[in-house]
Amino acid sequence: MAFFTRCWKNARRAAAAGLCLLLAGCQLSPAEPVPSIEVLEFSPAAATARLTLSHQLSPEVLDALRHGVSVTFQWRLEQRLSRPVLWDSLLWSRSGEREISYRSLSQYFTLLEPESGEATSFRDLPALLAALDQVALADVPTDADGAYFQVRARLVISRLPPALRLSSYLSDQWRMDTGWVRLTGVTS
């Protein structure tokens, strides 16, 4: 207690103590990739409509995945009609989910499409992420006058185990959401 009261009587000591406390809380670490999902491309050609994303997983997500936690990603694609005064009306929408998991006994990653029940196994993580990034679409409408497409992709935290949810909501390492991205300059 004597040091504490003596420190605050001297302005230089107080500044030095404050700087030490500030630097003790800061960590200089190598630049790690920021967890994110990005929209790379959308081609609405009628027969081979495809949405291409890029998933960058954080070390925390990878650690949970390797310890048996299944991670669910959700995407939603909409076509909306621009209106000058009112909100844009919804013309068409399609959504889907994809779940990734790791099987420790076989040492394979699995990509599950819950809607169709189709599961594909991959030996390594880059192959899994490459497959996760490609979304095949069916029945995408052609462009209408004044219409545009928008997409949103995100990691669904509410599908995580209850013990992991609270810390995931509070951590930046689990926040993977594109928000609504308007796809401009897209032709069919």
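Here we summarise the structure given alongside this text. (Residues numbered from 1 in each chain as written. Predicted model: local features only at pLDDT ≥ 70, side-chain atom pairs only at ≥ 80, totals over all residues. Heavy atoms only, no water.)

**Section: the packing of aromatic side chains**
Condition: Think of it this way: a Phe, Tyr or Trp ring, Trp meaning its six-membered ring, pairs with another when their centres are within 6.5 Å, and the plane angle makes it stacked under 30 degrees, edge-to-face over 60, tilted otherwise. Numbering goes from the N terminus for both helices and strands, where a helix is a DSSP run of H or I of at least four residues and a strand is a run of E of at least two. Relative accessibility under 20% of the residue-type maximum defines a buried residue, over 50% an exposed one, and the middle range a partly exposed one, all with a 1.4 Å probe and only protein chains included.
Under the counting rule described, the total for this entry stands at 3 aromatic pairs. Each ring, one from Trp 92 and one from Phe 149, has its centre 6.4 Å from the other, and the planes form 85 degrees; the classification is edge-to-face. With Trp 92 in strand S4 (residues 89–103) and Phe 149 in strand S8 (residues 147–155), the pair connects residues that are 57 residues apart, well separated along the chain. Owing to a relative accessible area of 13%, Trp 92 belongs among the buried residues under this scheme. Classification of Phe 149 by relative accessible area gives buried; the value is 2%. In this structure an aromatic cluster arises from ring pairing among Phe 42, Trp 92 and Phe 149.

**With respect to the pairing of strand S5 (residues 108–113)**
Just so we agree on the cut-off: Whether two strands pair depends on DSSP finding at least two bridges between them.
The pairing of S4 with S5 spans 5 bridges and is antiparallel. Bridging from a neighbouring strand, Arg 103 pairs with Tyr 108 of S5. The loop that links S4 with its antiparallel partner S5 comprises 4 residues; one of these, Gln 107, has a positive phi angle of about 60 degrees. Sheet topology note: the S5/strand S6 (residues 118–122) ladder contains 5 bridges and is antiparallel. By the bridge assignment for S6, Thr 110 is matched with Ser 121. Counting the residues in the hairpin turn of S5 and S6 gives 4 residues, including Gly 117, whose phi is positive at 80 degrees.

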